[in-house]
Amino acid sequence: MNKSIIIITLFSLVVLTVQGQTKVTGHVVNERGEPVEYVRIGIEEDSIGIISDAQGYFTLTIPAGRKDELTLTHVSYQTATIPYTMYADGHELTVTLRDKVYELAEVVIGKNNKPHTLSGKSWIRTSTAGFEGDCKGDIEWGPIFKNRKDYLLTDIIVPIDKCEYEECLLSFNCYEVRDKNFINVLNKPIYQRVTPDDNGKQLTISPAESIVLKGKQTYCVTISVVDIKGKGRLSFPANFKSSYARHKVKGKMRKIPGCPMIIVKGYEVDKKQ
């Protein structure tokens, strides 16, 4: 993924240093000046990170002694960085993300093709797993899978055990895993709102773009919470299944033997196209 130097506008100075900590506050917009929702901001492979709100505003506290650059990622925009020298003095920032240029894939599926389950078959159910409290950006978690052939990703199916929040907004990511590097293959965000009305239901979420999952390549589809209303807990049926998870939005991905039940479906791509 290309990195671009961000455009930063400095506003009024805010007193933000507390016991050596640095508090970074800002607003993320695109090149048209529009706010960018739910941007991941933090230090790469470190549990220092946060997600901006629905209007692109964020506040992040950096521990004393840390001088790392911050990275900002969103599936629809180029990755951007904030060097320490640009946030060290405590000014409020306006960060402009540049549009990601991508080509729409032309995909042909075979006649009489039926949807295939790419991940989620024959899992051993354990109990439940989920998110609790103020969990925005706390955990990203999902199954690892690989298929022999190329498939067009059509559906991500998630059973809801129980939602106690007034409302919860889920974000889904799909990563191609290459030598422990996680490359997001989406160009458009995938969100799903969940309320107590969804308790006991199985939700089907479909990407708004054509995503081809290549044969013999490892993928990981993850789920995280980016916004909540109220207090409570959100739980899913859980299974024994190899998965990756990370604490905080920029933390290091770690392999673990279980995850929320996430079923991935797709159509086989016609190789004759």
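A few points on the structure. As the structure is a prediction and not an experimental result, all values here were calculated from the model.

Turning next to the packing of aromatic side chains. As enumerated under the stated definition, the model contains six aromatic pairs in all. Ring geometry for Tyr 175 versus Phe 182: centroids 6.0 Å apart, planes at 85°, classification edge-to-face. Given a relative accessible area of 5%, Tyr 175 falls into the buried group. Through a chain of ring-to-ring contacts, three or more aromatic side chains come together here, namely Tyr 175, Phe 182 and Tyr 244.

Here the focus is the pairing of strand S7 (residues 57–62). What you see with S7 is a clean split: Phe 58, Leu 60 and Ile 62 sit on the buried side and Tyr 57, Thr 59 and Thr 61 on the side with no burial. Pairing of strand S4 (residues 21–30) with S7, which is carried by six bridges, proceeds in the antiparallel orientation. Its bridge partner lying in S7, Gly 26 is registered against Phe 58.

It is worth spelling out the nonpolar core at this point. Of all hydrophobic cores here, the largest spans 32 residues; its most connected members are Leu 170 and Leu 234. When residues of this core are traced back to their parent elements, those giving at least two are strand S14 (151–159), strand S16 (167–178), strand S18 (190–194), strand S19 (202–205), strand S21 (218–229) and strand S22 (233–247). With sequence-adjacent residues up to four places away left out, Leu 170 is seen in contact with Ile 190, Tyr 191, Gln 192, Val 194, Ile 223, Ser 224, Val 225, Leu 234 and Phe 236.

Calculation notes
Residues numbered from 1 in each chain as written. Predicted model: local features only at pLDDT ≥ 70, side-chain atom pairs only at ≥ 80, totals over all residues. Heavy atoms only, no water. Phe/Tyr/Trp six-rings, centres within 6.5 Å; stacked < 30°, edge-to-face > 60°. Buried < 20%, exposed > 50% of the residue type's maximum accessible area, 1.4 Å probe, protein only. Helix = DSSP H or I, 4+ residues; strand = E, 2+ residues; numbered from the N terminus. Pairing = 2+ DSSP bridges. Core = buried A, V, L, I, M, F, W, Y, C linked by side-chain atoms within 4.5 Å. Contact = heavy atoms within 4.5 Å.

In short, shape yes, function no, at least from these values alone.
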